[in-house]
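Here are the chains, one letter per residue:
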Number of protein chains: 2
Amino acid sequence: VNVFERVTVIGVGLIGGSLGMAIRARGLAREVVGVTRIESSIPLALARRAIDRGTADPVAGVRGADLVVLATPPDQVVSLVQRVRLNLRTEAVVTDVASVKAEIVRAASRLLPAEGGPVFVGGHPMAGNEGQGITAADPDLFEQTAYLLTPTPRTPQRAVDRLAELARALDAVPLVMTPEEHDDSVAMVSHLPYLMAAALMNAAGRAGPVAGPAFLGATRVAGSPVALWAQICRLNREPIQNALRAFREELARLEAAIEDGGRLDGLLEAARQARLQLGAASREKGSK
Amino acid sequence: VNVFERVTVIGVGLIGGSLGMAIRARGLAREVVGVTRIESSIPLALARRAIDRGTADPVAGVRGADLVVLATPPDQVVSLVQRVRLNLRTEAVVTDVASVKAEIVRAASRLLPAEGGPVFVGGHPMAGNEGQGITAADPDLFEQTAYLLTPTPRTPQRAVDRLAELARALDAVPLVMTPEEHDDSVAMVSHLPYLMAAALMNAAGRAGPVAGPAFLGATRVAGSPVALWAQICRLNREPIQNALRAFREELARLEAAIEDGGRLDGLLEAARQARLQLGAASREKGSK
């Protein structure tokens, strides 16, 4: 990979911290600058080798960076682009890590219109673990995971290529799609499963003691912090509503088949085949 | 644990084979007899040290056994009790491993009315892995899992105690409940999550490539063989329908909150608290 001169990571939590650690451990940048509002995170991020230096000021932090990663909660991405945009290098690539893309990409691209200036490319590394914050950061977090990139028709190819190259250098798999495709897919494979898990927990009530592996697996994500998911539900409302509708229809189909006894095996077998097609590679990822 | 003289395991697959291996490895019986219709399973079960000897004939197999474990698919339990009952020792305890209890316990208790004769006690070890058959059997399968026992008011306490003692000797946690409580709880924590996973796979269609850990975790069980689940849906229809209804209502509540923007955080936080209360012990079990 072409080494970056200076990578600035704004938000040094689980994703930002892991990215800093991975970039530094693999020598993908001459310098990693961390920006965080939480003062106590700077010594922690330094100790974990996630950053070379830290600052609380995003405007100072992005100075001289050829890559800026906004690793904040989704609802802060656009206001941060707004805040730092006049201090970006002309050739800077700016990306984020939010699991919602269309709304963010639309607003950020308007702020950085890319005519020879800094470029915004929406990004979403589909990585994570059960932890939170810099203490849970892990330089191998991105290995074997999908790194989604969501350019618009006006995004310079060179900027997309640099991020794809970075993803590969992290042993992730870059996947390029439109922001809308992203939001539909992620609503289905991430946001909907979270809501299912939450609904299942709320329905199960006191059934807890009997919980087996299937239940624990299906509900694990419901234990993650609410604030981020509530934001996601607001920012990706329509694709989530579509996914909920499609899921509800499939569940109703199973319910009807259980009621009248017919077609059930066929519906379950279709699901089984679809799951098996996700294949061995995915099963490995799932075990992380 | 009081050692059994002879344990007969009918059906030497994942659960029956694991039970045989665990009982032999821990010295909980003088002899383990395996009964299987699949001739080729006998040498395999012998080689894996799951049984001391094997036979294809259940009637011969149960002779002299003080514990008989029916580890077959749920829909064969009652007909096997019928078939072997006149050849059971007077003091024999008969149990099964099916994940559906009320219907089986009702029929089996009628066949073994327990007035000084052999006794049926419904059992359900909530253990498993992603494999199938004797090749996937594992003597440690039951460690840290719940072993559900479902006596009726007429079941002699002594028989329940012996099975609870066996469960503890396998490092499982025996939990005693009525067959109806069992079916309601297991519909919620096992059968419903399976149906959710199947519906999600059917809804997700081609979203597969983007699948992240949450999706893989939520759908893993949808890849398991259909025949057993279809049986379960027939045998436990009403509790499953109740669980589906409760889940549907909770999902609708989330959907409405996403639509109108209110109450969402509260609903998600309730789910989070419920999930966190499942606690560290459950999280460990889930990682198996």
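That block above? That's the structure.
This section reports on the structure supplied with the text. Treat the numbers as computed from the prediction; the structure is a model and nothing was measured.

What to know about the packing of aromatic side chains
Residue and element names in this part refer to chain B.
- Per the stated rule, a full pass over the model turns up 3 aromatic pairs over all chains.
- Ring plane angle 5 degrees and centroid distance 4.0 Å describe the contact between Tyr 194 and Trp 229, whose orientation is recorded as stacked. Separated by 35 residues along the polypeptide, Tyr 194 in helix 7 (residues 179–204) and Trp 229 in helix 9 (residues 226–235) bring together distant segments of the chain.

Looking at the relation of the copies chain A and chain B
- Overlaying chain A on chain B yields an RMSD of 0.0 Å, the required transformation being a rotation through 180 degrees with an accompanying axial translation of 0.0 Å. Put plainly, the chains are arranged around a two-fold axis. Closest approach to the rotation axis among the C-alpha atoms of chain A is made by Ala 218 of chain A, whose C-alpha sits 2.3 Å away.
- Mapped onto chain B, 99% of the interface residues of chain A are again interface residues, and the two copies thus contact each other with one and the same surface.

Some remarks on the sheet that holds strand 4 (residues 67–70) of chain A
Residues and elements named next belong to chain A.
- Ordered by their spatial adjacency, 8 strands build an open sheet running 3-2-1-4-5-6-7-8, and the pairing between neighbours is mixed. The sheet is open, and its two borders are formed by strand 3 (53–55) and strand 8 (173–176), each paired with just one other strand. Neighbour to neighbour, the strand axes of the sheet diverge by 25 degrees on average, direction disregarded.
- As judged from the 4 bridges shared by strand 7 (residues 146–150) and strand 8, these two strands associate in the parallel manner. Across the sheet, Leu 148 pairs through a bridge with Leu 175, a residue of strand 8.
- This element, helix 7 (residues 179–204), spans strand 6 (119–125) and strand 7 of the sheet and lies at about 140 degrees to strand 7.

Things to note about the pattern of salt bridges
Residue and element names in this part refer to chain A.
- With the rule as written, the count across this model stands at 24 salt bridges over all chains.
- Ionic pairing is found between Arg 53 and Glu 31, a salt bridge with its closest N-O pair at 2.9 Å. In this pair, Arg 53 sits in strand 3 while Glu 31 sits in strand 2 (residues 29–35), placing the two residues 22 residues apart along the sequence.
- Taking relative accessible area as the criterion, Glu 31 reaches 18% and is therefore assigned buried.
- Where Glu 269 meets Arg 272, a salt bridge forms, and the shortest distance between an N and an O atom there is 3.4 Å. On the criterion of helical spacing, the pair formed by Glu 269 and Arg 272 is a turn pair, its members being 3 residues apart in helix 11 (residues 264–277).
- A single network of salt bridges, built from pairs that share partners, joins Arg 26, Asp 140, Glu 143 and Asp 171.

Thoughts on helix 9 of chain B
- Burial within helix 9 of chain B is extensive, with 7 of its 10 residues counted as buried.
- Turning to helix 9 of chain B, its buried residues number three or more, namely Val 226, Trp 229, Ala 230, Gln 231, Ile 232, Cys 233 and Leu 235 of chain B.
- Summarising the contacts, the buried residues of helix 9 of chain B are in contact with helix 10 (237–260) and helix 11 of chain A together with helix 5 (102–111), helix 7 and helix 10 (237–260) of chain B.

Brief notes about the environment of Arg 106 of chain B
Residues and elements named next belong to chain B.
- Within the element layout of this structure, Arg 106 appears in helix 5.
- Judged by its relative accessible area of 45%, Arg 106 falls in the partly exposed class.
- Note: C-alpha distance between Arg 106 and Thr 152 (46 residues apart in sequence) is 8.8 Å.

Structural notes on the sheet that holds strand 7 (residues 146–150) of chain B
Residue and element names in this part refer to chain B.
- Here we have 8 strands laid out as an open sheet, ordered 3-2-1-4-5-6-7-8, and mixed in their pairing. Both outer strands of the open sheet, strand 3 (53–55) and strand 8 (173–176), are each paired with one neighbouring strand and no more. Between one strand axis and the next, the sheet turns through 25 degrees on average, direction left out of account.
- Note that strand 5 (residues 93–96) and strand 6 (residues 119–125) share 3 bridges and pair parallel. Within strand 6, the residue paired with Val 94 across the bridge is Phe 120.
- Against the sheet, helix 1 (residues 14–25) makes contact with strand 1 (4–10), strand 2 (29–35), strand 4 (67–70) and strand 6, and its axis sits at roughly 160 degrees relative to strand 2, the strand it touches most.
- Contacting strand 6 and strand 7, helix 7 runs over the sheet at an angle of about 140 degrees to strand 7.

Parameters and conventions
- Residues numbered from 1 in each chain as written.
- Chains lettered and ligands numbered in written order.
- Predicted model: local features only at pLDDT ≥ 70, side-chain atom pairs only at ≥ 80, totals over all residues.
- Heavy atoms only, no water.
- Phe/Tyr/Trp six-rings, centres within 6.5 Å; stacked < 30°, edge-to-face > 60°.
- Helix = DSSP H or I, 4+ residues; strand = E, 2+ residues; numbered from the N terminus.
- Least-squares fit on C-alpha atoms with pLDDT ≥ 70 in both.
- Contact = heavy atoms within 4.5 Å.
- Pairing = 2+ DSSP bridges.
- Axes fitted to C-alpha atoms, helices over the stretch in contact; angles between N-to-C directions.
- Salt bridge = Lys/Arg side-chain N within 4 Å of Asp/Glu carboxyl O.
- Buried < 20%, exposed > 50% of the residue type's maximum accessible area, 1.4 Å probe, protein only.

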